[in-house]
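Overview (structure and organization)
Listed below, chain by chain, are the residues.
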Amino acid sequence: MHHVLLRRTLYISSRISSSSSPSKTIFTLSTLNFVTTSRKMATKSRTYNDAIDALNTLQTPFAVIEARRKAGVRPDATSVSEMRAYLSRIGYSPSDLDRLNIVHVAGTKGKGSTCAFVDSILSRYQSSHPSVLQKVGLFTSPHLIAVRERIRINSRPISEELFAKYFFEVWDRLESFSPSEEEEVLPKASKPIYARYLTLMSYHVFLSENVSAAVYETGIGGEYDATNVVPSPVASGISTLGIDHVFVLGKTVDKIAWHKAGIMKTGSPAFTIEQVPEAAAVLKSRAEEKGVELKVLGIDKRLEGVNVRPDANFQKKNATLAIALAETALKKLFGGEFKVDEAKLPKEFKEGIEQVVWRGRCEVKEEGNIIWHVDGAHTVDSLKMAARWFVTECGAREKKGGKKVLIFNQQGRSEAVDFLDGLCHTVKNADPEGKGFEEVIFCTNVTYAETGYKRDFVNHQYNPADIEKMTQQRIFAEKWSALDPDAKVRVIPSIEEALITARALAASDEKEGGQKVQALITGSLHLVGGALGILEKADAL
Ligand SMILES: Nc1ncnc2c1ncn2[C@@H]1O[C@H](COP(=O)(O)OP(=O)(O)OP(=O)(O)O)[C@@H](O)[C@H]1O
Ligand SMILES: [Mg+2]
Ligand SMILES: [Mg+2]
């Protein structure tokens with residue numbers, strides 16, 4: 001094992017000195033902490049693992065993605081008409097989806113958090129009024145630790161058994177459907193790609209399980225997103241808009257806003273929070289076109305005295321949007337029995353917001369001489385937020401003197417190299433001496449050193465050669481060394497080895513009487529999910 005680690009660990013540093021080989025100090029410790037949580041292979045067929053293996057075959061291979069990118073193919077209205085065809089093949093019509101009382105959320109950042117708040121609030125009404133709200137569904141993406149967490153009932157990921165059951169029911173219905181001659185949209189037995197399959201399956205799960213209200217996060221964009229087959233959502237919400245997925249959605253925020261605005265539906269109330277002017281203008285004109293009254297919400301005054309975590313403006317915006325969405329859903333579900341109190345939030349709202357669980361976002365975990373700060377931010381803006389949160393956390397603990405360590409990755413997006421400036425400078429600027437991260441580790445998203453990806457993270461969408469050669473990580477490393485010549489920068493092949501490295505640094509600091517290491521893990525939800533799985537030596541669901 002040691003040999004593997006040493007051989008595969010690349011060290012790039014402007015401060016590297018030949019007398020102190022870093023690898024020697026790094027890998028003498030902590031290697032015993034090694035965890036292998038790979039699941040036992042299933043023997044019985046059609047298990048959860050079988051479902052995930054089958055699902056993984058629906059990923060678009062890297063070569064196809066590349067070819068499309070080169071040809072400039074972008075999603076269009078056919079993606080939604082195909083979703084309708086698939087829905088019909090598994091036995092539903094779009095109007096069936098209206099039985100789910102869907103709250104639909106789009107946005108560049110804060111979608112998942114907003115959805116989690118709405119779900120958490122509704123779940124509290126579910127427990128106190130099960131006759132009105134039998135079950136609450138939540139559909140989010142991407143997943144952090146296991147695929148099944150994308151589909152939740154009463155806030156809990158559906159069980160492996162339930163996942164496998166519904167997964168294969170959808171599969172079999174698609175396989176056995178015989179298209180009539182006039183139904184030419186899709187070839188026989190075809191299946192939607194990965195994320196769309198899960199969306200389709202979520203409808204089947206929620207309708208079969210008699211969910212009374214379902215909260216849906218869009219995948220990418222809105223107008224052409226697989227979740228946009230719902231004809232009349234209970235409410236639509238648009239969270240913070242910014243730049244992401246530029247290849248699919250366009251390079252400027254107004255183009256991106258056009259896509260996200262596509263979830264607003266005539267006859268359904270729509271809400272957003274304050275946006276940059278270009279985005280706000282597009283949302284407004286799209287709402288007018290559709291005859292939708294779009295409410296733009298300032299931070300909800302009733303949040304005063306509510307413990308929103310993290311205590312940051314962006315999260316208060318997410319909570320504000322969630323309150324409006326939940327109120328609208330509850331008015332519909334309870335009829336006249338639910339009245340909005342403009343002065344004070346009901347206790348279910350306060351508790352729902354304060355006790356929400358949204359893993360991998362602004363999480364802090366203490367472990368020996370290291371404090372892990374874990375956040376899945378992966379856009380320029382959200383990484384700045386994550387960096388601000390990190391420095392506030394470090395300050396809040398009065399541990400400023402401890403070494404700051406960064407573990408970062410973002411796979412498959414060349415623009416990700418631009419994520420680094422904000423991260424680097426936010427941390428430096430917050431330090432009285434202008435000190436940034438002393439140790440910076442770039443790793444791939446491969447979970448384990450020896451066994452590779454956990455099944456739920458298998459990804460065919462990236463260039464395997466890039467991962468093998470750590471091409472992206474080397475680019476990050478070059479960039480960081482230029483941004484901060486004082487930093488020790490490493491490139492490491494797996495998440496597990498990155499954590500081992502950070503733990504070893506913390507252990508050697510401890511020996512020398514140093515303060516607790518402050519580690520930030522960020523840049524990718526895959527990285528963060530893999531890291532949490534390893535840190536918690538389990539599925540961490
Ligand atoms: N309103 C916001 N504005 C800016 N950054 C945000 C906002 N909300 C959350 N973030 C940051 O983005 C990270 C991801 O949040 P969240 O999961 O809610 O977003 P998302 O829109 O679901 O993103 P994606 O699905 O693309 O991963 C958070 O950890 C936080 O750092
Ligand atoms: Mg996204
Ligand atoms: Mg999300």
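In the nomenclature of an unreviewed UniProt entry, the chain is known as Folylpolyglutamate synthase of Podospora australis. According to its UniProt record, the chain has this under Catalytic activity (unreviewed entry): "(6S)-5,6,7,8-tetrahydrofolyl-(gamma-L-Glu)(n) + L-glutamate + ATP = (6S)-5,6,7,8-tetrahydrofolyl-(gamma-L-Glu)(n+1) + ADP + phosphate + H(+)". The record in UniProt for the chain states the following under Sequence similarities (unreviewed entry): "Belongs to the folylpolyglutamate synthase family."

In this section: the overall build of the chain. Summing up its helical and strand segments, the chain has 20 helices and 15 strands in all. A total of 541 residues make up the chain; the buried ones form 47% of that total. Intrachain contacts of the chain at a sequence separation of at least 6 include 79% that bridge at least 24 residues.

With that settled, the discussion passes to the pairing of strand β10 (residues 363-367). Across five bridges, β10 lies against strand β11 (residues 370-375) in antiparallel orientation. What sits directly across from Val364, in β11, is His373. Between the end of β10 and the start of β11, which pair antiparallel, lie two residues, with Gly368 showing a positive phi angle near 55 degrees.

All right, on to the sheet that holds strand β9 (residues 294-297) then. Taken together, eight strands build an open sheet; the order of strands is β5-β4-β3-β6-β2-β7-β8-β9 and the sheet is mixed. Both edges of this open sheet fall to β5 (156-157) and β9, since each of them pairs with a single strand only. Against the sheet, helix α13 (residues 313-334) touches β2 (102-106), β6 (213-217), β7 (235-238), β8 (270-273) and β9, its axis set at about 165 degrees to β8.

Taken together, 23 residues surround ligand 1, and among them Gly110, Lys111, Gly112, Ser113 and Ser382 come closest. Secondary-structure elements contributing two or more residues to the shell around ligand 1 are α7 (111-128), α13 and α15 (380-396). Top contributing element to the shell around ligand 1 by residue count: α15, with four residues. A class-by-class count of the residues in the shell around ligand 1 yields six nonpolar, 10 polar and seven charged. Each of domain 1 (2-29 + 360-535) and domain 2 (62-354) contributes no fewer than three residues to the shell around ligand 1.

Sites flagged by UniProt as "binding site: ATP" (unreviewed entry) map to Arg361 and Asp375. Once residues lying within four places of it in the same chain are set aside, the contact partners of Arg361 are Ser113, Asp375 and Gly376. Within the secondary structure, Asp375 sits in strand β11. Look at Asp375 and you get buried, because 24 C-beta atoms sit within 10 Å. In this structure Asp375 touches Arg361, Cys362, Ala386, Trp389, Thr522 and Val528, once residues within four positions along its chain are discounted.

Once that is clear, we can look at the pairing of strand β15 (residues 517-522). Within β15, six of the six residues are buried, which leaves the element mostly enclosed by the surrounding structure. Alternating residues of β15 divide into Val517, Ala519 and Ile521 and Gln518, Leu520 and Thr522, and every residue in both groups is buried. Two strands pair when backbone bridges link them, and β11 and β15 are joined in this way by six bridges, in the parallel orientation. Following the sheet pairing, Ile370 is matched in β15 by Val517. Of the strand pairs in this sheet, strand β12 (residues 404-408) and β15 are connected by five bridges, and their pairing is parallel. In the strand pairing of β15, Leu406 is matched with Leu520.

Let us now look at helix α9 (residues 194-208). Since the α-helix packs 3.6 residues into each turn, any two residues three or four apart lie on the same face. Its 15 residues give α9 an end-to-end C-alpha distance of 21 Å, which sits within 8% of 21 Å, the value for a rise of 1.5 Å per residue. By the burial criterion, the buried members of α9 are Tyr194, Tyr197, Leu198, Thr199, Leu200, Met201, Ser202, Tyr203, Val205 and Phe206.

Assigned domains within the chain: domain 1 (2-29 + 360-535) and domain 2 (62-354). A C-alpha centroid distance of 32 Å is found between domain 1 and domain 2. Every contact between the two is made by 20 residues of domain 1 and, on the other side, 19 residues of domain 2. Those elements that place two or more of their residues in the side of domain 1 that touches domain 2 are α15 and α20 (525-535).

Now for the environment of Val211. Position of Val211 among the secondary structure elements: in the loop between α9 and β6. Remark: the alpha-carbon pair of Val211 and Arg99, spanning 112 residues in sequence, is separated by 8.6 Å. For Val211, the residues in contact, after removing those within four places along its chain, are Leu100, Lys135, Val136, Gly137, Ile153 and Phe206.

Take Ile193: it is sitting in the loop between α8 (160-176) and α9. In this structure the C-alpha to C-alpha distance between Ile193 and Leu55, which are 138 residues apart in sequence, comes to 8.5 Å. Ignoring any residue separated from it by four or fewer positions in sequence, one finds Ile193 in contact with Leu58 and Thr60.

Summarizing the sequence annotation, UniProt attributes the feature "binding site: Mg(2+)" (unreviewed entry) to Ser141, Glu217 and His245 in the numbering used throughout. For Glu217, the location among the structural elements is in strand β6. Under the C-beta neighbour-count criterion, Glu217 is labelled buried, with 24 such atoms within 10 Å. Once residues within four sequence positions are removed from consideration, Glu217 is found in contact with Val105, Lys111, Gly112, Cys115, Phe139, Thr140 and Ser141. Along the chain, His245 falls in the loop between β7 and α10 (246-249).

Right, let's get into the packing of helix α3 (residues 48-56) against α8. Where α3 contacts α8, the axes come no closer than 8 Å and their chain directions differ by 45 degrees. Taken together, the axes of α3 and α8 lie oblique to each other. Of the two possible hands of crossing, α3 and α8 adopt the one that is left-handed. Across from Tyr48, Asp50, Ala51 and Ala54 in α3, the residues of α8 making contact are Glu160, Phe163, Ala164, Phe167, Phe168 and Trp171. Its residues assigned to classes, the contact of α3 with α8 shows eight nonpolar, no polar and two charged.

Rules behind the numbers
Sequence order sets the numbering: in each chain, residues are counted from 1 along the sequence as written. A letter from A marks each chain and a number from 1 marks each ligand, given out in the order of writing. Restriction of local features to residues with pLDDT of at least 70 applies here, the model being predicted, together with a cutoff of 80 or more for giving and counting side-chain atom pairs; totals for whole chains, interfaces and linings are based on all residues. UniProt positions are given in the numbering used here, feature names are shortened, and annotations may be inferred rather than shown by experiment. Secondary structure is summarised from DSSP: a helix means a run of H or I of at least four residues, a strand means a run of E of at least two, and numbering begins at the N terminus for each. The exposure label follows from counting other C-beta atoms within 10 Å of a residue's C-beta, where the C-beta atoms are placed from the backbone and the thresholds are 20 or more for buried and 12 or fewer for exposed, leaving partly exposed in between. A pair of residues counts as a contact when their C-beta atoms, built from backbone coordinates, are within 7 Å of each other. Strands qualify as paired when DSSP identifies two bridges or more between them. Where helices are involved, their axes are fitted lines through C-alpha atoms of the stretch in contact, as for all axes, and angles between N-to-C directions lie from 0 to 180°. Throughout this description, a residue near a molecule or strand is one whose C-beta atom, derived from the backbone, lies within 6 Å of it. Only Asp, Glu, Lys and Arg are considered charged, only Ala, Val, Leu, Ile, Met, Phe, Trp, Tyr, Cys and Pro nonpolar, and every remaining residue, Gly among them, polar. How far each domain reaches was decided by an automatic or database domain assignment. Given a helix with a known number of residues, its expected span is that number minus one, times 1.5 Å. For classification purposes, angles smaller than 35 degrees are called roughly parallel, those larger than 145 roughly antiparallel, those between 65 and 115 roughly perpendicular, and all remaining angles oblique. For any pair of crossing helices, the crossing counts as left-handed if the nearer helix is rotated counterclockwise from the farther one by less than a right angle, and right-handed if it is rotated clockwise.

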